[in-house]
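Structural characterization, general
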Amino acid sequence: MRLRLGATAGLLAMGFGVSGCGGAVDEPTGIVRTSACAVSAPAGFADAGMGAAVLDEVRTAANEGVVDTTSSQRVSTAAQTQAALERFAADGCTLSVLVGPGGAGALSQVAADNPDRAFLAVGPGTDAGQPDNVLTVDFDLRESAYLAGYAAASATRTGTVAVSTAKGQFQGAELLAAFDEGVDARADEADGDVTVVDEGAIEVRTLDDTTSAGVEWAESAAADGADVLVPFGSASPQGVAEHIDELAEEAAEADESQDDEDDEADAAAGDDAADADDQSTGDRESGEDPVGTSAEDEDLPVLIWYGSDGSKTLPRPVRNQVVASIIPDVGLGMRAVLTGWPGEGEEPEGLVRSAEPGADSAAGTAGGPADDSDEDVREAVPELVGGLEVRARRAVGDLDNGGVAVVASDGVLGSITGLGRALADERERLDEEQDEADEE
């Protein structure tokens, strides 16, 4: 039976009913209702990243009538991931979506046990060995990581920056190498020295994808003098954001304590001293302080965020420290694999890849995933997967096909105003180099 998203609610079935995912409501015999169910492992759906993006996509599809029922669940262990996916399959989910690299093994087993259902993995890190009823959407971030390194070297005040990736992150080792290269390029351009914490290392910069691991890494990087933090991953970046938030709270509490002490001193010294202090404060607030905003903001680490525009999605005051963001277009990736998935903007055809990573290109770095080059791009061939009509089984977004964007947001740190222009110029230079290499 063919279920085409966007036009399925009244299709006739072969005399059986299906209940919507996450519920036990029986449908009248002869009607099939489409359902989308999502599980996020390990970061959840309030991650200012792909989890939130997927949840928004599913809700939009429901609002536009593309799917009839939805369900979502956050999990933190492989066992919980498998249990959630099994429940979705048992409840009759038309499409079960796994977000993040935390449950690839569980997805493989559940999909194999339910060949009549369609499964979609978003940001799984790899689709090697997955059953035929598993669709994948991932993002090639190597050029983005290079630009992140370039931006980090532009933003640092201490001359030390740090990057991490998470276990299961797609092309993780290559992202680290690309970041290091971007830092070196900017340092050479500026004729300066910028140090990357543990530059060249892979294992020590590849974290368990947990918030606690992110916190520990951020603390260690700060101890090594890094004032620009660039975490790739799912849950571990949440730990980095939590660390910055805790630093901001500590700074605010210290300020309040200092203000109380100043008030007591003013009261003891008399009104004249208080007036003088008020005048000094007024001068700082009027912009005469060359620091620009608050000294506390200057003391906090700078953040380059992956998953969304962190300057808009992260809570304050963390968002104020975001100078650049790497944004995967989850909706475009889902449109590349799912026929009829709602959305506007870039055409999704450029994201379509061969069914297996690197099937038509050379393998990637040792121990890493196969390379996703332009040679892998192919025309979309609609087919049925688990009863759904799909455009392709696999999609990979990058900067060139519109599946990934890098945006600068100078925020409170006025000393790097113009970072967006610098990143655009550097990317143009890279494109010119590639064009020259292709002509040779």
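Summarised in this report is the structure supplied together with it. The residue numbers shown here count from 1 along each chain, following its written sequence. Thresholds applied to this predicted model are a pLDDT of at least 70 for local features of residues and 80 or more for the giving and counting of side-chain atom pairs; totals over whole chains, interfaces and linings are not thresholded and use all residues. To get the side-chain values, take all heavy atoms of the structure and skip hydrogens and water.

Here's the deal with the overall build of the chain
Definition in use: The helix and strand labels rest on DSSP assignments: H or I over at least four residues marks a helix, E over at least two residues marks a strand, and numbering proceeds from the N terminus. Using a 1.4 Å probe on the protein chains alone, a residue whose accessible area is under 20% of its type maximum counts as buried, one over 50% counts as exposed, and one in between counts as partly exposed. Note on areas: Shrake-Rupley with a 1.4 Å probe; residue coverage comes only from the protein chains shown.
Within the chain, the regular secondary structure consists of 12 helices and 15 strands. Within the span of the chain, comprising 440 residues, buried residues form 50% of the whole. When the accessible surface of the chain is split by element, carbon and sulfur atoms take 46% of a total near 19200 Å².

Notes on the sheet that holds strand S14 (residues 394-397)
So the rule is basically this: By the convention used here, strands pair only if DSSP detects at least 2 bridges between them. Axis definition: a line fitted to C-alpha atoms, limited for helices to the stretch in contact. Angles are taken between N-to-C directions and run from 0 to 180 degrees. Here, residues are in contact when the closest pair of their heavy atoms is within 4.5 Å.
Across the sheet, which stays open at both edges, the 6 strands sit in the order S2-S1-S3-S4-S5-S14 with parallel pairing between neighbours. For this open sheet the edge positions go to strand S2 (69-74) and S14, each flanked by a neighbour on one side alone. Strand-to-strand, the axes of this sheet are offset by a mean angle of 15 degrees, without reference to chain direction. Across 5 bridges, the pairing between strand S1 (residues 35-40) and strand S3 (residues 95-99) is parallel. What sits directly across from Ala-36, in S3, is Leu-95. Running at roughly 160 degrees to S3, helix H1 (residues 50-63) makes contact with S1, S2, S3, strand S4 (118-122) and strand S5 (134-139) of the sheet.

Here we look at the environment of Arg-205
Keep this limit in mind: Any N or O atom pair separated by 3.5 Å or less is treated as a polar contact, with the protein-specific requirement of one donor-capable and one acceptor-capable atom, and with residues adjacent in sequence counted only for side-chain atom pairs.
Tracing the backbone through its elements, the reader meets Arg-205 in the loop between strand S7 (195-196) and strand S8 (206-207). Along the primary structure Arg-205 and Trp-217 are separated by 12 residues, whereas in three dimensions their C-alpha atoms are 8.4 Å apart. Other than its neighbours up to four places away in sequence, Arg-205 contacts Val-163, Ser-164, Thr-165, Leu-176, Asp-180, Val-196, Val-197, Asp-198, Glu-199 and Gly-200. At 2.9 Å, the side chain of Arg-205 and the backbone oxygen of Ala-201 are in polar contact.

Remarks on the pattern of salt bridges
For clarity, the cut-off: The salt bridge criterion pairs a side-chain nitrogen of Lys or Arg with a carboxyl oxygen of Asp or Glu, the two atoms within 4 Å.
By the definition in use, this model includes 10 salt bridges. The partner of Arg-142 in a salt bridge is Asp-140, and the shortest N-O contact between them spans 2.6 Å. In this pair, the class of Arg-142 matches that of Asp-140, namely buried. Where Glu-426 meets Arg-429, a salt bridge forms, and the shortest distance between an N and an O atom there is 2.5 Å. Residue Glu-426 and its partner Arg-429 are located together in helix H12 (residues 419-439), separated by 3 residues, close to a single helical turn. The exposure class assigned to Arg-429 is partly exposed, which follows from its relative accessible area of 30%.

Some remarks on the nonpolar core
For the record, the criterion: Joining through side-chain atoms within 4.5 Å is the link that ties buried Ala, Val, Leu, Ile, Met, Phe, Trp, Tyr and Cys residues into a set, and such a set is a nonpolar core.
One finds Leu-120, Phe-179, Val-230, Phe-232, Ile-304 and Leu-338 to be the most contacted residues of the largest nonpolar core, which totals 65 residues. Among the nonpolar cores identified, the runner-up in size contains 18 residues, and Ala-48, Trp-217, Val-240 and Leu-303 belong to it.

What about the side chain of Asp-227?
For the record, the criterion: Think of it this way: Lys and Arg go in the positive column, Asp and Glu in the negative one, and His and the chain ends go nowhere.
Along the chain, the position of Asp-227 falls in the loop between helix H6 (211-223) and strand S9 (228-231). One buried charged residue, Asp-227, remains without a salt bridge, the closest side chain of opposite sign being Arg-157 at 5.5 Å. Ignoring anything within four residues of it in the chain, the contact list for Asp-227 reads Thr-156, Arg-157, Thr-158, Thr-160, Pro-301 and Val-302.

Let's talk about H12
What sets the pattern is the α-helix's 3.6 residues per turn: residues three or four places apart point alike. Going by this rule: Expected helix span is computed as 1.5 Å times (number of residues minus one). The directions from the helix axis to the C-beta atoms form the arc being described.
Compared with the 30 Å implied by 1.5 Å per residue over 21 residues, the 31 Å span of H12 between its first and last C-alpha is a close match. Buried within H12 we find Leu-419, Leu-423, Glu-426 and Leu-430. Looking down the long axis of H12, one finds its buried residues gathered within 65 degrees of arc, a one-sided arrangement. Seen from the buried face of H12, the exposed residues on the opposite side, beyond 90 degrees, are Arg-421 and Glu-439.

A word on the packing of aromatic side chains
Formally: Here a pair means two rings of Phe, Tyr or Trp (six-membered ring of Trp) with centres within 6.5 Å. Their orientation is stacked below 30 degrees between planes, edge-to-face above 60, and tilted elsewhere.
Enumeration according to the criterion identifies 1 aromatic pair in this entry. An angle of 45 degrees between the planes, with centres 5.8 Å apart, marks the rings of Phe-232 and Tyr-306 as tilted. In this pair, Phe-232 sits in the loop between S9 and helix H7 (236-269) while Tyr-306 sits in strand S10 (residues 302-306), placing the two residues 74 residues apart along the sequence.

What to know about the state of the cysteines
Note the cut-off: Two cysteine sulfurs form what is called a disulfide whenever their separation falls within 2.5 Å.
Per the stated rule, a full pass over the model turns up 1 disulfide. The residue that forms a disulfide with Cys-37 is Cys-93, at a sulfur-sulfur distance of 1.9 Å. As the torsion about the S-S bond is roughly -80 degrees, the Cys-37-Cys-93 disulfide counts as left-handed. Here Cys-37 is found in strand S1, whereas its partner Cys-93 is found in the loop between helix H2 (78-90) and S3, with 56 residues between them in sequence. Both residues of the pair, Cys-37 and Cys-93, count as buried.

Regarding the packing of H2 against helix H3 (residues 104-113)
Selection rule: In these notes the angle categories are as follows: under 35 degrees is roughly parallel, over 145 is roughly antiparallel, 65 to 115 is roughly perpendicular, and the rest is oblique. For any pair of crossing helices, the crossing counts as left-handed if the nearer helix is rotated counterclockwise from the farther one by less than a right angle, and right-handed if it is rotated clockwise.
Across the interface, H2 lies against H3 with an axial gap of 9 Å and an inter-helix angle of 30 degrees. Here H2 lies roughly parallel to H3, going by the angle between them. Here H2 and H3 pass one another in a crossing that is right-handed. Counting all contacts with H2, which are made through Ala-78, Thr-81, Gln-82, Leu-85 and Glu-86, the residues of H3 involved are Ala-106, Leu-107, Gln-109 and Val-110.

Describing the packing of helix H4 (residues 142-155) against helix H5 (residues 172-190)
How we decide: Charged residues are taken to be Asp, Glu, Lys and Arg, nonpolar residues to be Ala, Val, Leu, Ile, Met, Phe, Trp, Tyr, Cys and Pro, and polar residues to be all remaining types, Gly included.
As a packed pair, H4 and H5 sit with axes 7 Å apart at the nearest point and diverge in direction by 40 degrees. As summarised for this structure, H4 and H5 are arranged oblique, according to the angle between their axes. Note on packing geometry: the crossing formed by H4 with H5 is right-handed. Together, Arg-142, Ala-145, Tyr-146, Ala-148, Gly-149, Tyr-150, Ala-152, Ala-153 and Ser-154 of H4 and Glu-174, Leu-175, Ala-178, Phe-179, Glu-181, Gly-182, Val-183, Ala-185, Arg-186 and Glu-189 of H5 make up the contact between the two elements. Split by residue class, the contact of H4 with H5 holds 11 nonpolar, 3 polar and 5 charged.

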